[in-house]
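What follows is each chain in one-letter form.
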Amino acid sequence: MKIAVLPGDGIGTEIVGEAVKVLNALDLRFEMETALVGGAAYEAHGHPLPDATLKLAKEADAVLFGAVGDWKYDQLDRPLRPEQAILGLRKNLGLFANFRPAICFEQLVDASSLKPELIAGLDILIIRELTGDIYFGLPRGRRVATDGHFPGTEEAFDTMRYSRPEIERIAHVAFQAARKRSKRVTSVDKANVLETFQFWKDVVTEVGKDYPDVALDHMYVDNAAMQLVRAPKKFDVVVTGNMFGDILSDEAAMLTGSIGMLPSASMNSSQQGLYEPSHGSAPDIAGKGIANPLATILSAAMMLRFSLNQPEAAERIEAAVKTVLAQGLRTADIFSPGTTRVNTHEMGAAVVKAL
Ligand code: NAD
């Protein structure tokens, strides 16, 4: 089992270090190789995704990724910015399906800004299409407008587009995931306004006919954004496009209290995956040793389950995380009076001990 370990920038190195310790504490053998990515790779090699890093990621069964980015790189040309590394990895590895579970741990119901009764027991899975939509659609750029409201002035444009196979494959992923859960899928679109998402809705509906045991409903994205904070437990599996999924999955993350708790997986069609916390590099707390490593540790558990075929080891890690929460250990982001504040390293060590 070969794992490419790409810590990246900011808190990335701190949190991935703890996840690696947890993996090493399992009675399994991994070949782990670490490489630079993001701003760290730009500093060392002049590019956020050097060839050697991409080669390592392609050859591995799975990639354990920290986070990339820092405000200090905002002035760089777009292709050299740290965030391009993640887009490059998604594209080159064909990681089209992003899984973002939003689970409210029993011990953290009070960490959410929502009323405890709304989120107690919350367990939803957002499946976001990751390689299409307006984030990748061409053409894009800047030009002088020849029509529109202000012809002759400067404008910028992006292209929203989805092909039938792109929608079909993500729809299959969602229906299959729903079969392992409560057999409900909500497809989120903007079919009332956008041609792309009327097509999305039509294709998802067609694919749904292959899964008569799974209930499918459709919701406009603006309504979905409201329902997520009004009655989040109504959702089970949510499937949506790249841009809507980007926004809704962060909203869902905050339902559970801290983005520092939430793992994610991005998969291709051969079960190869990139596993990373849902949050970014948090430059505001980098180097302070206070970041929550649990999202990354839980991402490592997803990696064991989905790419390395070790579901029991995944369950052991998830149980160990529940144990440390039950012991009252909290990093600053999830701390509340009456619990014990620990730093990044202490949290990682507690998970290892609980294992
Ligand atoms: P962020 O997720 O890095 O941070 C948002 C807030 O959450 C900050 O206050 C941060 O301190 C806090 N936070 C995040 N992770 C935490 C953790 N594990 N423990 C405790 N607190 C945590 O988002 P941002 O500030 O908007 O972006 C910072 C940088 O990260 C930017 O350069 C952005 O482009 C990049 N980014 C990268 C990824 C990625 O690598 N996949 C994703 C999102 C943002």
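These numbers were taken from a predicted model, which means no experiment stands behind them.

A. Inspection of the overall build of the chain at higher detail. When helices and strands are tallied, the chain shows twelve helices and 14 strands. Its C-alpha atoms give the chain a radius of gyration of 20 Å, within 12% of the compact-globule value 20 Å for 355 residues. Its C-alpha atoms give the chain principal-axis dimensions of roughly 60 × 50 × 40 Å. Intrachain contacts of the chain at a sequence separation of at least 6 include 75% that bridge at least 24 residues. Accessible surface computed for the chain: about 16000 Å², of which carbon and sulfur atoms make up 52%. When the 37 basic and 45 acidic side-chain charges of the chain are each reduced to a single mean position, those positions are 3 Å apart.

B. Just the layout of surface pockets, in detail. Space inside the largest pocket adds up to approximately 1200 Å³. Glu83, Gln84, Ile86, Leu87 and Arg90 are, among the 37 residues lining the largest pocket, the residues nearest its centre. Of all elements in the fold, only β3 (62-67), α4 (83-93), β4 (97-103), α9 (242-255) and β12 (273-277) reach the threshold of two or more residues within the lining of the largest pocket. Ranked by residue count, the leading element in the lining of the largest pocket is α4, at seven residues.

C. Molecular detail of the packing of helix α8 (residues 221-230) against α9. Relative to each other, α8 and α9 sit at 10°, their axes nearing to 10 Å. Considered as vectors, α8 and α9 are oriented roughly parallel to each other. Across the interface between the two elements, Val221, Ala224, Ala225, Leu228 and Val229 from α8 touch Phe244, Leu248, Glu251 and Leu255 from α9. Partitioned by chemical class, the residues of the contact of α8 with α9 number eight nonpolar, no polar and one charged.

D. Examining helix α10 (residues 294-306) more closely. Taking 1.5 Å as the rise per residue, α10 with 13 residues should run 18 Å; its terminal C-alpha atoms sit 18 Å apart, in good agreement. Burial within α10 is extensive, with eleven of its 13 residues counted as buried. Restricting attention to buried positions, one finds in α10 the residues Leu294, Ala295, Thr296, Ile297, Leu298, Ser299, Ala300, Ala301, Met302, Met303 and Leu304.

E. The domain arrangement of the chain, seen in detail. Here the chain is described as being made up of domain 1 (1-96 + 268-355) and domain 2 (97-263). On a C-alpha basis, the centroid separation for the pair domain 1 and domain 2 is 23 Å. Contact with domain 1, which involves 22 residues of that partner, is made by 23 residues of domain 2. Note on domain 1 versus domain 2: buried area summed over both sides is about 2000 Å², and carbon and sulfur give 69% of it. Of all residues in domain 1, Arg90, Phe96 and Ser278 bury the most surface against domain 2, accounting for 36% of the area lost on that side. One can count zero salt bridges joining domain 1 with domain 2. Where domain 1 packs against domain 2, one counts seven residue pairs in polar contact (both at pLDDT 80 or more). Those elements giving two or more residues to the side of domain 1 that touches domain 2 turn out to be α4, β12, α10 and α11 (311-326). The element best represented in the side of domain 1 that touches domain 2 is α10, accounting for five residues.

F. Just the environment of Ile334, in detail. By the element assignment, Ile334 lies in the loop between β13 (329-330) and β14 (340-341). Taking the C-alpha atoms as reference points, Ile334 and Gln84, 250 residues apart in sequence, are found 30 Å from one another. Every residue in contact with Ile334, bar those within four places of it in the chain, is listed here: Leu108, Ser258, Met261, Asn292 and Leu325.

G. Summary view of the packing of aromatic side chains. Across all of its chains, the model carries seven aromatic pairs by this definition. Ring plane angle 10° and centroid distance 4.9 Å describe the contact between Phe175 and Tyr211, whose orientation is recorded as stacked. Note that Phe175 is positioned in helix α6 (residues 164-179) and Tyr211 in the loop between α7 (195-208) and β9 (215-220), a separation of 36 residues in sequence. Assessed through its relative accessible area of 0%, Phe175 is described here as buried. In this structure Tyr211 comes out as buried when scored by relative accessible area, which is 4%. Among the aromatic side chains, those forming a connected cluster through ring pairs are Tyr162, Phe197, Trp200 and Phe244. Over the face of the ring belonging to Phe96 we find Arg169, whose NZ or CZ atom lies 4.1 Å from the ring centre. Its guanidinium or amino end placed over the ring of Phe335, Arg341 lies 4.2 Å from that ring's centre, counting from NZ or CZ.

H. Region of interest: the pattern of salt bridges. Applying the stated criterion across every chain yields a total of 16 salt bridges. As a salt-bridge pair, Asp250 and Arg100 come within 3.1 Å of each other at their nearest N and O atoms. Of the two residues, Asp250 is situated in helix α9 and Arg100 in strand β4; the sequence distance between them amounts to 150 residues. For the salt bridge of Asp213 with Arg179, the shortest nitrogen-to-oxygen distance reads 2.9 Å. Here Asp213 is found in the loop between α7 and β9, whereas its partner Arg179 is found in helix α6, with 34 residues between them in sequence.

Scoring rules and cut-offs
- Residue positions within a chain follow its written sequence, with the count starting from 1.
- Only residues with pLDDT of at least 70 are given local features in this predicted model, and only at 80 or more are side-chain atom pairs given and counted; all residues enter the totals for whole chains, interfaces and linings.
- Hydrogens are left out, water is left out, and the side-chain values use all remaining heavy atoms of the structure.
- In this description a helix means any DSSP run of H or I spanning at least four residues, a strand means any run of E spanning at least two, and both kinds are numbered starting from the N terminus.
- With C-alpha atoms as the basis for the radius of gyration, the globule rule is written as 2.2 Å multiplied by the number of residues raised to the power 0.38.
- Note on contacts: a residue pair is in contact if any heavy atoms of the two residues lie within 4.5 Å.
- Residue exposure ignores everything except the shown protein chains as possible cover, and the areas themselves are Shrake-Rupley values with a 1.4 Å probe.
- When charges are tallied, Lys and Arg are placed among the positive residues and Asp and Glu among the negative ones, while His and the ends of the chain are skipped.
- Every charge is mapped to an atom, namely NZ of Lys, CZ of Arg, CG of Asp or CD of Glu.
- Think of a 1 Å grid over the protein atoms and nothing else: a 1.4 Å probe that fits but is trapped marks a cavity, an open set flanked by protein within 12 Å on at least five of seven lines marks a pocket, and residues with an atom within 4 Å of a point count as lining.
- Grid points are joined across faces, edges and corners, and a volume is the space filled by probe spheres set on the points.
- Only the stretch in contact is used when fitting a helix axis, every axis being a line fitted to C-alpha atoms; angles between N-to-C directions are given from 0 to 180 degrees.
- Here the angle decides the label: under 35 degrees means roughly parallel, over 145 means roughly antiparallel, 65 to 115 means roughly perpendicular, and every other value means oblique.
- All amino acids are sorted into three groups, where Ala, Val, Leu, Ile, Met, Phe, Trp, Tyr, Cys and Pro are nonpolar, Asp, Glu, Lys and Arg are charged, and the leftover types, Gly among them, are polar.
- Helix span, expected: 1.5 Å multiplied by one less than the number of residues in the helix.
- The classification of residues rests on relative accessible area computed with a 1.4 Å probe and restricted to protein chains. Under 20% of the type maximum is buried, over 50% is exposed, and intermediate values are partly exposed.
- Domain borders in the structure are assigned automatically or taken from a domain database.
- Buried area adds together the accessible area that both of two parts lose upon being put together, with accessible area traced by a 1.4 Å probe.
- Every case where a carboxyl oxygen of Asp or Glu lies within 4 Å of a side-chain nitrogen of Lys or Arg is listed as a salt bridge.
- In protein, a polar contact requires one atom able to donate a hydrogen and another able to accept it; more generally it is a pair of N or O atoms within 3.5 Å, and residues adjacent in sequence count only if both atoms are side-chain atoms.
- Centre distance within 6.5 Å is the pairing criterion for rings of Phe, Tyr and Trp, where only the six-membered ring of Trp is used; planes under 30 degrees apart are then read as stacked, over 60 as edge-to-face, and the remainder as tilted.
- In this scheme, the term charge over a ring applies when either NZ of a lysine or CZ of an arginine sits within 6 Å of the ring centre and within 35 degrees of the ring normal.

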